[in-house]
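# Secondary and tertiary structure notes
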2 protein chains.
Amino acid sequence: MHNYEVKRLLVNYKTLEEFKNFREYGSAELSMKDDLEANMIENDSESPFYGIYFGNKLVARMSLYRIAGKFDRYFNPPQDYLELWKLEVLEPYRKKGYGETLVNFAKSFGLPIKTNARQGSSDFWNHMSFEAATYDASRDRGESPFVWYPAGVKEQQTDQELINVESSEEIN
Amino acid sequence: MHNYEVKRLLVNYKTLEEFKNFREYGSAELSMKDDLEANMIENDSESPFYGIYFGNKLVARMSLYRIAGKFDRYFNPPQDYLELWKLEVLEPYRKKGYGETLVNFAKSFGLPIKTNARQGSSDFWNHMSFEAATYDASRDRGESPFVWYPAGVKEQQTDQELINVESSEEIN
């Protein structure tokens, strides 16, 4: 059992500098930096990121976003769920339970969780009791969705098949 | 100028075996294999993938999906557009124009294109006249969207701000 403390990350220059240590650094981080510099958001605003520090150093992080039930295409009954992404532990800190701690923290909200499994990560997600969702081309568009079902929640059947076909047709 | 031939890929055991050579192999490919094995789709059905062969070997591929205009949150005026993903060239065949050929093929449909740029690929996308879309947390959820605008098409303003806030709130 590990007892790492998970913190909600605040948007400030220190956090944004720490983010550069992570491989998955992209538009989300750059956008926060722009917003901070342009005073569009306040220093120390809450971000969608959660992380674990080793001393003063951010060594693991993930992003969580709550999606409203009316947009739920993964769970039955349809409900609010968490989208989890950018789960990453810095190289020298791997295999020490930081990733598990973050995922368990996400589960503690009691909501279903959906993530897009990176290439080669399915063993980790299975170990965390996630399952591969049945692939739906129009919904998943190349993602590898893995989901976690709290008690009483099941996979959503694709009874939306007709809507999908209408809404996203392949090129002919 | 390169003159590689781009082919629509058919779902059969040879194609599925070739897909294993690509790093981005996941639920989409496994799902096609399952459907083929379960006779849910016919041998040689069309796939959403396009590719380039070197002799008999598939050396580059991408996936294209046409998204209906009513779901368009990237372009102004809202319209049907192409989602491009899994653009990948096998390692020994890189820097020879295969990727450019595929992207130019995608542009030839005359529709706007949206892709999620992988870490470190922004130079390639800029070279292909794509631009980073203004990041919108509720729409992009950690992606790094890059878009290509055909003549007469502009970026969609996030006048949907109110809808977003209502539909996807962060955890508090």
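What this report covers is the structure whose coordinates are included nearby. (Residues numbered from 1 in each chain as written. Chains lettered and ligands numbered in written order. Predicted model: local features only at pLDDT ≥ 70, side-chain atom pairs only at ≥ 80, totals over all residues. Heavy atoms only, no water.)

## Regarding the interface of chain B and chain A
Frequently, the measure chosen for interface size is the accessible area that the parts lose on association. Taken residue by residue, the interface counts 41 residues in chain B and 41 residues in chain A. When chain B packs against chain A, the two sides together hide about 3,400 Å² of surface, and 53% of this comes from carbon and sulfur. A salt bridge links R141(A) to E83(B); its shortest N-O distance comes to 3.4 Å. At the junction of chain B with chain A, the criterion picks out eight residue pairs in polar contact (both at pLDDT 80 or more). (Contact = heavy atoms within 4.5 Å. Buried area = accessible area lost by both parts, 1.4 Å probe. Salt bridge = Lys/Arg side-chain N within 4 Å of Asp/Glu carboxyl O. Polar contact = N/O pair within 3.5 Å; in protein donor to acceptor, adjacent residues only side chain to side chain.)

## Re the relation of the copies chain B and chain A
Of the two same-sequence chains, chain B is brought onto chain A (RMSD 0.0 Å, axial shift 0.0 Å) by a rotation of 180°. Expressed as an axis order, the relation between the two copies is that of a two-fold axis. In this assembly the copies share their binding face: 100% of the residues contributing to the interface of chain B also contribute to that of chain A. (Least-squares fit on C-alpha atoms with pLDDT ≥ 70 in both.)

## A short note on the packing of aromatic side chains
Going through the model one piece at a time under the given rule, you end up with 27 aromatic pairs over all chains. Here F19(A) and F49(A) contribute two aromatic rings whose centre-to-centre distance is 4.7 Å and whose plane-to-plane angle is 50°, an arrangement assigned as tilted. In this pair, F19(A) sits in helix α1 (residues 13-19) while F49(A) sits in strand β2 (residues 45-54), placing the two residues 30 residues apart along the sequence. Aromatic side chains Y93(B) and Y98(B) sit 6.4 Å apart centroid to centroid with 80° between the ring planes, which places their arrangement in the edge-to-face category. Y98(B) matches Y93(B) in its accessibility class, with the two residues each being buried. Three or more aromatic residues joined by ring pairs form one cluster here, namely Y4(A), F54(A), Y93(A) and Y98(A). The lysine or arginine in question, R61(A), covers the ring of F19(A), its NZ or CZ lying 4.6 Å from the ring centre. (Phe/Tyr/Trp six-rings, centres within 6.5 Å; stacked < 30°, edge-to-face > 60°. Helix = DSSP H or I, 4+ residues; strand = E, 2+ residues; numbered from the N terminus. Buried < 20%, exposed > 50% of the residue type's maximum accessible area, 1.4 Å probe, protein only. Lys NZ or Arg CZ within 6 Å of the ring centre and 35° of its normal.)

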